[in-house]
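A structural walkthrough
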Amino acid sequence: MYYSAGNYEAFAHPEKPEGSERKHAYVIGSGLAGLSAAFFLVRDGGLKGENVRVLEKLPVSGGSCDGLKDGLKGYYMRGGREMDNHFECMWDLFRDVPSLETPGVSVLDEYYWLNKKDPNYSLCRVTERCGHDAHTDRKFGLSKKAALEIMKLYMTPEKDLEDKKISDFFDDEFWNSNFWIYWQTMFAFQRWCSALEMKRYMQRFVHHIDGLPDLSALKFTKYNQYESMILPLQKYLESRGVVFDFGIEVTNVEFAVSGQKKVAKKLEFLKEGKTETKELSEDDLVIITNGCCTDVSRYGDQKHAPDLSRISPNVGDSWNLWNKIAAQDPSFGNPAAFASDPEATNWMSATIETKDPAVIRLIEAICHRNPLEGKVTTGGIVTVKDSRDNWFLSWTVNRQPQFKAQDKSTVLIWVYSLSTNKPGNFVKKPMRECSGEEICQEWLYHIGMPVGEIAKCASKKCNTTTCYMPYINAFFQPRKNTDRPRVVPEGAVNFAFVGQFAETPRDTIFTTEYSIRTGMEAAYTLMKVDRGIPEVWGSTYDVRELLKASYHALDGKKIEEIPLSWKEKILLKKVRKAAKGTDAETIMKNSGLF
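The text that follows walks through the structure, step by step, so that each part is easy to find. Here the structure is a predicted model, which is why all the values come from computation and not from measurement.

**Examining the overall build of the chain**
When its secondary structure is counted, the chain shows 19 helices and 20 strands. In terms of overall dimensions, the chain is globule-like: its C-alpha atoms have a radius of gyration of 24 Å, near the 25 Å expected for 594 residues. Taking all 594 residues of the chain together, the buried fraction comes to 59%. Long-range contacts, defined as pairs at least 24 residues apart, comprise 73% of the intrachain contacts of the chain with a sequence gap of at least 6. Taken as a whole, the chain presents about 24,600 Å² of accessible surface, with 53% of it coming from carbon and sulfur. Measuring between centres, the 79 positive side-chain charges of the chain sit 3 Å from its 80 negative side-chain charges.

If you want it as C-alpha cells, here you go:
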C-alpha cells in the first residue's frame, strides 16, 4: 500500500491481484468503513462478491450514518455528515456507485450537480436574545496572542501532543473569540478534547479557513445520510453478490501471535442467541470495525426522556469486542483511552418535525430562506450564543425533504447540545432529563417564539424524538499514538481495523472520508493492490494556502495592521526586501496579507 496524488493513479484501474480468487473476507460491522472495505475488496481487490460477507448485529446497515422513521415515535437523525471537495477516497468510491434516483449517473455526479446548483452557505451563523443575529459577521475576532497560540499548536509535532488537551494551549482570549464558537460547535470539540486531533483538523482543512465563519466550505447530500450514501452503496455491493448477514453479533476474534507474525484464527459470534464459531485460514480476511461513536445510544420521544440507567464506562457491543481483541496484543490499541469517561464524551441530539406556519416563519426570519423550497436553508448549524453556559445548543435545517417518504409540507429540524448536564435557559433542567417536548420548548424559545405560545406549540404542533450518545466524542479524547491500532498492524497477515478508532496518518476522525480511507487502506494492503491510495489533500504544505489562511484568520487585515513588536517589524522589513521583485513577492501580495 502506498499513497499517491494526481490523475495518473486516480484514473487507473489496477490489475487483479494474484491469488484473489481463493480469498474470502468477513467484514465486521456494516457502517461506512466496513461497507467501503467490502467495496474496495471487490472493485480493486478482485474478490468475488459472494466471497465477501458483511456481519452486522442490527437488522439494517449504516452504523452511525443513519436516518430512520419509527412508525410510532417519528423521525430519528442522530447526527449529520458534512463533506469536503477534497475527500479523495470518498469520491473515488462514489464515482462508481450508481445513483438510486437518476439512471445512468453515479452518486458523485448527482452530488456534484446538486451542490453546484445549490451551494451551501449560512446567512446567520450565530444567534442571541431569542433569535436575533449575534452579528459575528464572518469575523474570527482573534487577538494577536490567540493567533500565536493557534500557530504554536499548528507547528507542534504530534509526538509532543500525546495525551495533551486543547486547554493546555489556550487561555481566555482564545475561548472568548468567534473562532472558538465556530470551531467548537461545527466539529463538537470541547476544551478537554485532544490537542493532537485539533492540530490535525487545522492542518487538514487549512484551505477552508475562509469558509469556516459561514460554512461555505461544506457540502451536503440531498437526503439523510442513510438514503443518500449507505443505501446506494449497499445496493451496489448486493448487485456484485456481496452477502449481508444481519442479526450476527461478533463477540471476539482470536489471534495467533508468534513473533512479528499475527494471524486471525477464529471468529466467535452470536446468532439467534446461540454462540457459534468460524475457523479461519490465512486466506480468510477479517475486517474489524473496532469501537463505535454511537454505541449504547439511548432514545427518547415526545413524552419520554431517554433511559440512561444502564450506561457504564467502556461497555457496549463494539467496546466489548475491542476489549477482547486489545487484550491479545498491544498493537491492537487501547479502547479504555476513549470509552472510560462517558461524562466527558457525550452529547445529545433531537429531531423536531413540524408543519406549523408560525415555526416555519421563525426559521425563515433567522436563516432568510424558506425551508419548504427544497434548497439549502440554514446552510449548516445555527449556534445559540447565549446558551453557552447552559445546553450550548445548535440547530440546522438541511434541504427538505430529508427523507424520500417525508410529507412535503413538513420540516425536520436537527438540534444538538454539547452540554447535557446543565439546566437550559428556558427549561430549567438538564437536556438528558428532558422529553422531546421539553427540548422542543427550549429550541422554540431560542428561535423567538412568544413565551406564552411555546408549551402549546411544542405539544400540539411539533413532534420531537431524542438521542443521548455517551461515546459520540470518544475519538476526541486525549490519546497516545498507540491507543488506536494501525489499519493493518505490523505483522498482520489476514486482518485489518477500520473506522474512526483505527489509525491512519494525517487524516481527521469524525468524517466520512476517514471511514472510507481506512476501508481503502485495509483492502489495498491485505490484497496488495498495485494502485496508489489518494494522499490526504496537501494544503498544509502549500505556502499560498497558509498565507491565505493567515489573512482570513486575522479578519482580512494586512500584516501592517497587526500590532507588531520592533523585532517583528525589523524581520518583516527584511522579508519584504528579500522577496522584492521575485515570485515570492507576488505570492505574498496575492494572499492579501501583504
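**Brief notes about the nonpolar core**
Among the nonpolar cores identified, the biggest contains 135 residues, and F174, F179, W183, F189 and M198 are the most heavily contacted of them. No other element matches helix α2 (residues 32-43), which puts nine residues into this core. One finds I352, C367, V411 and C457 within the second-largest nonpolar core, a separate group that totals 33 residues.

**Looking at the sheet that holds strand β9 (residues 248-258)**
Sheet architecture is open: three strands sit in the order β9-β10-β11, paired in antiparallel fashion. Where the open sheet ends on each side, the last strands, each with one partner, are β9 and β11 (274-279). Going from strand to strand, the sheet's axes swing by 25° on average, the running direction of each strand aside. Where β9 meets strand β10 (residues 261-271), 10 bridges bridge the pair, whose relative direction is antiparallel. Of the residues in β10, the one forming a bridge with V257 is K262.

**Quick look at the pattern of salt bridges**
A side chain of one charge can pair with a side chain of the opposite charge if their charged atoms are brought near each other. Under the criterion given, the structure shown has 42 salt bridges. Of the charged contacts in the structure, one is a salt bridge between E282 and K261, with a shortest N-O distance of 2.9 Å. Here the residue E282 occupies a position in the loop between β11 and β12 (284-289), and K261 occupies one in strand β10, the gap between them amounting to 21 residues. Relative accessible area serves as the criterion here: at 37%, E282 is assigned to the partly exposed category. Each of the salt bridges in this network shares a partner with another, and the network as a whole consists of E158, E197, R200, R479, R484 and E503.

**Thoughts on the sheet that holds strand β3 (residues 52-56)**
On the basis of which strands lie adjacent, the open sheet formed by five strands has the order β8-β3-β2-β12-β19 and parallel pairing. A single partner strand is all that each edge strand has here, and the edge strands are β8 (243-246) and β19 (495-498). Within the sheet, the average angular offset between the axes of one strand and its neighbour, ignoring direction, is 20°. Of the strand pairs in this sheet, β3 and β8 are connected by four bridges, and their pairing is parallel. When the bridges of β8 are listed, L55 appears paired with D245. Across the sheet, helix α16 (residues 512-527) is in contact with β12 and β19; its angle to β19 comes to roughly 170°.

**What to know about a nonpolar patch on the surface**
Taken together, the side chains of L148, M151 and M155 make up a nonpolar region of the molecular surface, amounting to roughly 330 Å² of accessible area. In this fold, L148 is placed in helix α5 (residues 144-155).

**A few points about the pairing of β19**
Where burial is concerned, the two faces of β19 agree: the one with F495 and F497 and the one with A496 and V498 are both buried. One ladder, built from four bridges, connects β12 with β19; its direction is parallel. Counted as the bridge partner of T289 is V498 from β19.

**A closer look at the environment of A358**
Structurally, the position occupied by A358 is in helix α13 (residues 357-367). Judged by relative accessible area, which is 25%, A358 ranks as partly exposed. The sequence separation of A358 and G499 amounts to 141 residues, and the corresponding C-alpha distance is 42 Å.

**Some thoughts on the environment of L571**
With respect to the secondary-structure elements, L571 resides in helix α18 (residues 566-579). A sequence separation of 204 residues divides L571 from C367, and the C-alpha atoms of the two residues are 45 Å apart.

**Some words on α5**
Residues that lie three or four places apart on an α-helix share one face, since the helix turns once every 3.6 residues. If you check α5, its first and last C-alpha atoms are 17 Å apart, about what 12 residues at 1.5 Å a residue would give, namely 16 Å. Every buried residue belonging to α5 is among A146, A147, E149, I150, L153 and Y154, and all of these are buried. Summarising the axial view, the buried residues of α5 lie within an arc of 155°, below the 170-degree limit, and thus occupy one face. With respect to the buried face of α5, the exposed residues turned more than 90 degrees away are K152 and M155. Buried residues along α5 sit against α6 (172-175), α7 (178-187), α8 (195-204) and α17 (543-553).

**Focus on the side chain of D356**
Along the polypeptide, D356 turns up in the loop between β14 (347-354) and α13. Residue class for D356 comes out buried when judged on its relative accessible area of 10%. Apart from the residues lying within four places of it in its own chain, the contact partners of D356 are C457 and K461.

**Observations regarding unusual backbone geometry**
Each neighbour pair has its own omega, and for Q400 with P401 the value is -5°, a cis peptide bond. By secondary structure assignment, the location of P401 is in the loop between β16 (393-396) and β17 (411-417).

**Re α17**
Turning to α17, its buried residues number three or more, namely E545, L547, A549 and A553. Looking at the packing, one finds that the buried side of α17 touches α19 (583-590). One or two residues past the end of α17 sits D555, with phi positive at roughly 60°.

**A word on the packing of helix α14 (residues 436-446) against helix α15 (residues 451-461)**
Relative orientation and spacing of two packed helices are given, respectively, by the angle between their axes and the distance between those axes. Two elements in contact, α14 and α15, have axes separated by 9 Å at closest approach and are oriented at 140°. By the angle between their directions, the pair α14 and α15 is classed as oblique. Crossing geometry of α14 relative to α15 is assigned as right-handed. Side by side, α14 and α15 meet where E437, C440, Q441, L444 and Y445 of the first sit next to V451, I454, A455, C457, A458 and S459 of the second. The class makeup of the residues in the contact of α14 with α15 is eight nonpolar, two polar and one charged.

Rules behind the numbers
Residues numbered from 1 in each chain as written. Predicted model: local features only at pLDDT ≥ 70, side-chain atom pairs only at ≥ 80, totals over all residues. Heavy atoms only, no water. Helix = DSSP H or I, 4+ residues; strand = E, 2+ residues; numbered from the N terminus. Rg over C-alpha atoms; globule rule 2.2 N^0.38 Å. Buried < 20%, exposed > 50% of the residue type's maximum accessible area, 1.4 Å probe, protein only. Contact = heavy atoms within 4.5 Å. Areas by Shrake-Rupley, 256 points an atom, 1.4 Å probe, with all protein chains shown as cover. Lys, Arg positive; Asp, Glu negative; His and termini not counted. Charge placed at Lys NZ, Arg CZ, Asp CG, Glu CD. Core = buried A, V, L, I, M, F, W, Y, C linked by side-chain atoms within 4.5 Å. Pairing = 2+ DSSP bridges. Axes fitted to C-alpha atoms, helices over the stretch in contact; angles between N-to-C directions. Salt bridge = Lys/Arg side-chain N within 4 Å of Asp/Glu carboxyl O. Patch = residues over 30% accessible without salt bridge, like charges linked within 9 Å, V, L, I, M, F, W, Y side chains within 5 Å. Expected span 1.5 Å × (residues − 1). Arc of directions from axis to C-beta. Parallel < 35°, antiparallel > 145°, perpendicular 65-115°, else oblique. Left-handed = near helix turned anticlockwise from the far one by under 90°. Nonpolar A, V, L, I, M, F, W, Y, C, P; charged D, E, K, R; others polar.

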